[in-house]
Structures are given as structure tokens and as C-alpha cells.
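What follows is each chain in one-letter form.
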Amino acid sequence: MTSSQKAKKQELPPTAWAVLGLLSFPGERTGYELKKWADSSLRFFYWSPAISQIYAELRRLEELGYASSARSGPEEARAKRRYTITDAGREALAGWAADTAEAGPPVLKHGLLLRVWLGHLAEPERLRAMVGEHLERTREELAAVREAMEHAADVPEWAFPTLALRWSERQHLAELELAEALLADLSALPEGGTAGRQADRDAPTPG
């Protein structure tokens, strides 16, 4: 990799690599199609960029020579711009994907647990209801993951995305188990809350 290529590589945020990754599979795709695919794959184990982010990254990738685009001809009622990955883009993406140092540790930001952590300010019934709502949402997400897996199962080029979706299926099953255990823990608390509600108790501090 040349020094110029290294500089380009360092400029790219994870969103750009994700969009370039979507382009690395066979076929040409519009920004809208990339967004739909991200919603049915990436969001289950990473995140799905907003459509505005996708178009911004597509422009960046074109400027770097990592992607190219072409506008559809008069045969289509509404003109569309379709994007493809270039040889330079595929080479850069392969290098980035092989660099495990850039993967970083998983980041967990669990909004529900943040609220449970602040449970001394909430009613126990509301906390239990929130966990129940979380369980329902997780079951819906699990169903969506399995639907995506079925859609990808018969496409040879999607073998590795299918593995990522299979991991996501296991993660959602684990999340259901954890949420059920959390619900049991909340139900086991004494009526009226815990000692954390006592005004004269100091908050725990490290050390």
C-alpha cells in the first residue's frame, strides 16, 4: 500500500467502510437499495446508517476512487444513479477488513440497563413493564433476523453475511435470556424498592 493509499485509508470512518462493504457484493445498487440492505443486515449486529449518511459516504468513496456510479438511461421512467466498487476500492476494503487492530472491542450501550441502574428513582412496576416491552421488541427483532437469514440462505454470495446473521440470532436469544433473568431479579426485590432509596445511604464509589 502506497503512502497516498494509507492516507486515504486513514481518512475513512467506519460508516464509509460499511457502505463500501455493501458495494463489494455482486451487482450495482442505488443509495436507496443500499439503505434497504443495511436495514435488513447491518443493523442486526452493527448499525444502519441514515440515508443521508449513505449518500455522503458514496460521494466520499467516489472522490477517493473507491466507487464509481452511472445514471440510468431514458428506458427508466425515473433516473437513478447506481454505484459499484472499483478495483482500488476492493483492494482497500480487503486491507481494512484484514486489519484486526482496527476492529476494536464491542461497545455496549444498553438504554434499558441505564434506566435499571437508576431504578431508585423509578417505580418497580414501571421498571418491570419496561423490561417486558424490551422482551417484546427483542422477539420482534429476532423474527426479523430469522427472516433475513431465510432470504440470504439460498444466495451463495451471501454465505458470510449469513454467518453474521446467525451470530445475531444467537445474540438476540441471549438477550431474551438475560432480560428474563433481569425481570426475575426485579420481581425478587422487596416491595417499595431497595436500600438505594434510603436518603441517608451514600452512593457507592470505587476505591
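(A) Fine view of the overall build of the chain. Scanning the chain from terminus to terminus reveals eight helices and two strands. Going from the N terminus to the C terminus, the chain shows its helices and strands as α-α-α-α-β-β-α-α-α-α. Buried residues in the chain amount to 32% of all 207 residues. Long-range contacts, defined as pairs at least 24 residues apart, comprise 62% of the intrachain contacts of the chain with a sequence gap of at least 6.

(B) Focus on the packing of aromatic side chains. Following the criterion strictly, the structure yields four aromatic pairs and no others. Seen in terms of ring centroids, Trp37 and Trp158 are 5.5 Å apart; in terms of plane orientation they differ by 35 degrees. Their pairing is tilted. One end of the pair, Trp37, is in helix α3 (residues 31-39); the other, Trp158, is in the loop between α7 (124-153) and α8 (159-187), with 121 residues separating them in the sequence. No difference in accessibility class separates Trp37 from Trp158, as the two residues are buried.

(C) View of the pattern of salt bridges. Tallied over the entire structure, the rule returns seven salt bridges. Across the pair Arg146 and Glu169 runs a salt bridge, and its minimum N-O distance is 2.7 Å. You can see Arg146 sitting in helix α7 and its partner Glu169 sitting in helix α8, a full 23 residues away along the chain. With relative accessibility at 36%, the residue Arg146 sits in the partly exposed group. By relative accessible area, Glu169 is classed as buried at 17%. The network of salt bridges with common partners includes Glu136, Arg139 and Glu180.

(D) Summary view of the packing of helix α2 (residues 14-23) against α3. The interhelical angle for the contact between α2 and α3, taken along N-to-C directions, is 100 degrees, at an axis separation of 10 Å. Judged by the inter-axis angle, α2 sits roughly perpendicular to α3. Judged by residue contacts, Val19, Leu22 and Leu23 of α2 engage Leu34, Trp37 and Ala38 from α3. Among the residues forming the contact of α2 with α3, the class breakdown is six nonpolar, no polar and no charged.

(E) Region of the structure containing α2. Within α2, nine of the ten residues are buried, leaving the element largely enclosed by the surrounding structure. If you check which residues of α2 are buried, you get Thr15, Ala16, Trp17, Ala18, Val19, Leu20, Gly21, Leu22 and Leu23.

(F) Region of the structure containing the environment of Glu147. Relative to the assigned elements, Glu147 resides in helix α7. With a relative accessible area of 57%, Glu147 lands in the exposed category. The spacing of Glu147 and Leu165 is 18 residues in sequence and 10.0 Å in space, taken between C-alpha atoms.

What counts and what doesn't
- Residues numbered from 1 in each chain as written.
- Predicted model: local features only at pLDDT ≥ 70, side-chain atom pairs only at ≥ 80, totals over all residues.
- Heavy atoms only, no water.
- Helix = DSSP H or I, 4+ residues; strand = E, 2+ residues; numbered from the N terminus.
- Buried < 20%, exposed > 50% of the residue type's maximum accessible area, 1.4 Å probe, protein only.
- Contact = heavy atoms within 4.5 Å.
- Phe/Tyr/Trp six-rings, centres within 6.5 Å; stacked < 30°, edge-to-face > 60°.
- Salt bridge = Lys/Arg side-chain N within 4 Å of Asp/Glu carboxyl O.
- Axes fitted to C-alpha atoms, helices over the stretch in contact; angles between N-to-C directions.
- Parallel < 35°, antiparallel > 145°, perpendicular 65-115°, else oblique.
- Nonpolar A, V, L, I, M, F, W, Y, C, P; charged D, E, K, R; others polar.

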